[in-house]
Structure formats: C-alpha cells, structure tokens
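What follows is each chain in one-letter form.
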Amino acid sequence: MTPEREIWDAGLQSERTRLAWVRTAVALATGGLGAAGLSLRHGLPVPAVVMFALAALCGAVLLIRTGARFRRVQEALHGGKPLNPGLDVLFAWLGTMCVVAGAIIFVLAIR
C-alpha cells in the first residue's frame, strides 16, 4: 500500500469532522442562549447569565468559522500537511468552561 492510501480514506473524514464541529458549535450556542434566558427569567446572579452568554458567543464564532476550518482541513489532508486546529479549539474549550462556570454559579445560587 502506498503512503497516500494509508493516510487517505475515501470515507469523508473532513466532512465528518465538519459535522462534529457544527454539532459542538450549535450545542454551545443554543444551550448557552437557553441557559442565559432561563437564568434571567428566574433572577439568578448576573455572573451566571454572563457565563452562559459567553458560551453562546463562543458557539456562534465556531459556527461562523466552519467554512474556513473545512477548507483548511481539506488543504491539509490533500496536501499532506499537519492539521492545525488554531483558535477553534480555544473557542470550544472556552465555551465549555463558561458552561461549567455558569452551571456552578447556578447550583450555588439555588441552594
């Protein structure tokens, strides 16, 4: 088997990766907005609302960057270059940490 055949799979890796990023972005955006709305309606502390809103913002940024990320992945796969996730991983991590922080504030506030 040639090295290209070992690495390359006709199984649409970049498309699956794109869909995974879209799922992550949509979950952060909608979950963050929903949690921020619930926090506002029930009078929870402002920091909880801010954390959930930041998570929604991170999800929106990830969703907007989907096309550019997909092109970078395609170029890297077809060009044999290493993949560099760049800022996308940082936004996903930051959004997740905002959800965790908002949830902790939420739990502590309702005690």
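Residues numbered from 1 in each chain as written. Predicted model: local features only at pLDDT ≥ 70, side-chain atom pairs only at ≥ 80, totals over all residues. Heavy atoms only, no water.

How would you explain the state of the cysteines if you had to name every residue and give the values?
The final tally for this structure, using the stated rule, is zero disulfides. Left without a disulfide partner, cysteine 58 is nearest to the cysteine sulfur of cysteine 98, which lies 5.4 Å away. On the basis of relative accessibility, which here comes to 6%, the residue cysteine 98 falls in the buried class. (Disulfide = S-S within 2.5 Å. Buried < 20%, exposed > 50% of the residue type's maximum accessible area, 1.4 Å probe, protein only.)

Hey, could you go over the side chain of serine 39 for me, with residue numbers and the actual values?
Tracing the chain through its elements places serine 39 in helix α2 (residues 13-41). Once you skip the residues sitting within four places of it in the chain, serine 39 turns out to touch Leu44, Ala48, Val49 and Phe52. (Helix = DSSP H or I, 4+ residues; strand = E, 2+ residues; numbered from the N terminus. Contact = heavy atoms within 4.5 Å.)

Summarise the pattern of salt bridges; cite the residues concerned and give the values.
By the definition in use, this model includes three salt bridges. Arginine 69 is paired through a salt bridge with aspartate 88; the nearest N and O atoms lie 3.1 Å apart. Of the two residues, arginine 69 sits in helix α4 (residues 66-79) while aspartate 88 sits in helix α5 (residues 87-110), which places them 19 residues apart along the sequence. The same class applies to arginine 69 as to aspartate 88, namely buried. Here the salt bridges do not stand alone but share partners, grouping Arg65, Arg69, Arg72 and Asp88 into one network. (Salt bridge = Lys/Arg side-chain N within 4 Å of Asp/Glu carboxyl O.)

Tell me about the packing of aromatic side chains, residues and numbers included.
Enumeration over the complete set of coordinates arrives at zero aromatic pairs. A cation over an aromatic ring shows up here: arginine 18 above the ring of phenylalanine 70, its NZ or CZ 4.7 Å from the ring centre. (Phe/Tyr/Trp six-rings, centres within 6.5 Å; stacked < 30°, edge-to-face > 60°. Lys NZ or Arg CZ within 6 Å of the ring centre and 35° of its normal.)

Could you give an account of the environment of threonine 17, with specific residues and numbers?
Positionally, threonine 17 belongs in helix α2. Sequence separation between threonine 17 and phenylalanine 70 is 53 residues; the distance between their C-alpha atoms is 8.3 Å.

Help me get a handle on α5, residues and values and all.
The terminal C-alpha atoms of α5, which comprises 24 residues, lie 35 Å apart, in line with the 34 Å expected from a rise of 1.5 Å per residue. Where α5 is concerned, the buried positions are Asp88, Ala92, Gly95, Cys98 and Gly102. Where α5 is buried, its residues meet α2, α3 (46-64) and α4. (Expected span 1.5 Å × (residues − 1).)

Which residues make up the packing of α3 against α5, and what are the values?
With their axes 8 Å apart at the nearest point, α3 and α5 run at an angle of 155° to one another. What the angle tells us is that α3 and α5 run roughly antiparallel. The crossing of α3 and α5 is left-handed. Taking contact as the criterion, the partners of Pro47, Ala48, Met51, Phe52, Leu54, Ala55, Cys58, Val61 and Leu62 in α3 are, on α5, Asp88, Phe91, Ala92, Leu94, Gly95, Cys98, Val99, Ala101, Gly102, Ala103 and Ile105. Taken together, the residues that form the contact of α3 with α5 break down as 17 nonpolar, two polar and one charged. (Axes fitted to C-alpha atoms, helices over the stretch in contact; angles between N-to-C directions. Parallel < 35°, antiparallel > 145°, perpendicular 65-115°, else oblique. Left-handed = near helix turned anticlockwise from the far one by under 90°. Nonpolar A, V, L, I, M, F, W, Y, C, P; charged D, E, K, R; others polar.)

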